[in-house]
Amino acid sequence: MIVYGRPRIGKTWALRFAIDHLPTNFDAPLPILYANCNSYRVPSEEKFYSDLLSDFNFPFISKRNSSELRRQVVNFMLEKAEKSKLRRLVLIIDEAHRLTEAHYNWLMDIYNALIQKKISMTVISVGQEELLSRRTFFLEQKRSQIIGRFMTHEHDFHGIRTWEDMQLILSGYDSPEISCYPEASGCSFSQYFFPEGYKKKERLESEAKMLFELFADLRKEHGVSAVLEIPMEYFSFTIENALKKYGIHGDQHYWINKAQWREAIEMSGYVESEIYMALV
């Protein structure tokens, strides 16, 4: 499948989460290999296979030719997949919008070599919106061999679009069952940074609707008319700014008011990012 979305919305962090939790969903060991697609002026098989082996932390990368490098990649994957009862593995490729048709043909060679050994490989390509355009191009060119193996499904990975999304995320800062600060302390982020406010039932999730409206208002003030989608990077920066600047280690406020939330958003770089995206 392909997973696509605009920059800074949290795709790479979502990958890390998936790598940690996918095997438990299958109730069996599931090897998950992660690779990053590097950008080269002139891509080559040797560079592609060498980069894969490097990302897999393979200890003895051959410096000979593409055939030898591909053999090392396939054998490494075989070894991993044979340890799984499912006889399958998952390859996640980040920055996959950089993949060309040649890259997919090289991936097909690996895929076919594994199939001969009765090993299934699922490839999840994650990148920016160009990935969807690449899939459309392959469909128009009737590259069914690529679509069928690597692009059967698609998923639009998006940022925060509603205040309910925001409320769900903020609840994680309020609940020690979800996340603690300091780690393993049994104390939530909001409790740690605003002990008095927390004691009197103040919660970050209660700020969701007001905070969402502040993001929307700031966009309008700067003439940004695109569909509202808040990248996770800038939202998490906003929360971090508010906790550090106004909490127990900063100005030591009882709680965060509306003007302070607005300042925290502005400090995150969100407005500048949206203005830039509107110009691209």
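Residues numbered from 1 in each chain as written. Predicted model: local features only at pLDDT ≥ 70, side-chain atom pairs only at ≥ 80, totals over all residues. Heavy atoms only, no water.

### Brief notes about the overall build of the protein chain
Item 1. Looking only at helices and strands, the protein chain features 13 helices and 5 strands.
Item 2. For the C-alpha atoms alone, the extent of the protein chain along its principal axes is close to 65 × 45 × 30 Å.
Item 3. Partitioning the contacts of the protein chain with sequence separation of at least 6, the portion at a separation of at least 24 is 69%.
Item 4. Summed over all atoms, the accessible surface of the protein chain reaches about 15200 Å², with 51% contributed by carbon and sulfur.
Item 5. Distance between charge centres in the protein chain, computed from 35 positive and 38 negative side chains, equals 7 Å. (Helix = DSSP H or I, 4+ residues; strand = E, 2+ residues; numbered from the N terminus. Contact = heavy atoms within 4.5 Å. Areas by Shrake-Rupley, 256 points an atom, 1.4 Å probe, with all protein chains shown as cover. Lys, Arg positive; Asp, Glu negative; His and termini not counted. Charge placed at Lys NZ, Arg CZ, Asp CG, Glu CD.)

### Some thoughts on unusual backbone geometry
Item 1. Geometrically, the link from Y181 to P182 is a cis peptide bond, its omega value of -10° lying close to zero.
Item 2. Summarising the element assignment, P182 is placed in the loop between α7 (163–174) and α8 (189–193).
Item 3. Residues other than glycine seldom take positive phi values, yet K118 does so here, at roughly 60°.
Item 4. As for its placement among the helices and strands, K118 is situated in the loop between α4 (101–116) and β4 (120–127).
Item 5. A relative accessible area of 66% means that K118 is categorised as exposed. (Buried < 20%, exposed > 50% of the residue type's maximum accessible area, 1.4 Å probe, protein only.)

### Focus: helix α5 (residues 130–140)
Item 1. Those residues of α5 that sit buried are L131, R135 and F138. Along the axis of α5, the buried residues cluster in a sector spanning 60°; they form a single face. Counted as exposed and oriented over 90 degrees from the buried face of α5: S133 and E140.
Item 2. Looking at the buried residues of α5, the elements they touch are β1 (2–4), α4, β4, α6 (144–150) and β5 (154–156).
Item 3. Count one or two residues on from α5 and you reach K142, which has phi positive near 55°. (Arc of directions from axis to C-beta.)

### Quick look at the pairing of β4
Item 1. With 6 of its 8 residues buried, β4 lies for the most part within the structure.
Item 2. Across 3 bridges, β1 lies against β4 in parallel orientation. The partner of V3 across the bridge, within β4, is V126.
Item 3. Where strand β3 (residues 88–94) lies against β4, 6 bridges are found, and the strand directions are parallel. Bridge pairing in β4 links R88 to S120.
Item 4. In this view, the connection linking β3 to its parallel neighbour β4 by way of α4 has right-handed handedness. (Pairing = 2+ DSSP bridges. Right-handed = clockwise from strand over helix to strand, strands pointing away.)

### Re the layout of surface pockets
Item 1. Of the volumes computed, that of the largest pocket is approximately 1200 Å³.
Item 2. Of all elements in the fold, only α1 (11–26), β4, α7 and α11 (232–246) reach the threshold of two or more residues within the lining of the largest pocket.
Item 3. At 6 residues, α1 tops the list of elements feeding residues into the lining of the largest pocket.
Item 4. When the residues that make up the lining of the largest pocket are grouped by side-chain class, the tally is 13 nonpolar, 10 polar and 8 charged. (1 Å grid on protein atoms, 1.4 Å probe; cavity = no way out; pocket = protein on both sides within 12 Å on 5 of 7 lines; lining within 4 Å. Points joined across faces, edges and corners; volume = space filled by probe spheres on them. Nonpolar A, V, L, I, M, F, W, Y, C, P; charged D, E, K, R; others polar.)

### With respect to the nonpolar core
Item 1. By size, the foremost hydrophobic cluster in this structure holds 39 residues, and its most contacted members are F56, M77, L91, Y104, I110, M121 and F150.
Item 2. Leaving out residues up to four positions away in the same chain, F56 has contacts with L33, Y34, A35, V73, F76, M77 and L91.
Item 3. Ranked by size, the runner-up nonpolar core spans 30 residues in total, among them I160, I230, L243 and Y270. (Core = buried A, V, L, I, M, F, W, Y, C linked by side-chain atoms within 4.5 Å.)

### Overview of empty space enclosed by the protein
Item 1. For the structure shown, the criterion picks out 1 cavity of 30 Å³ or more.
Item 2. Looking at the largest cavity, its volume works out to about 120 Å³.
Item 3. As for the largest cavity, its lining consists of 16 residues, of which C37, N38, F48, D51 and H103 are closest to the centre.
Item 4. For the lining of the largest cavity, the secondary structure elements donating two or more residues are β2 (32–36), α2 (45–55) and α4.

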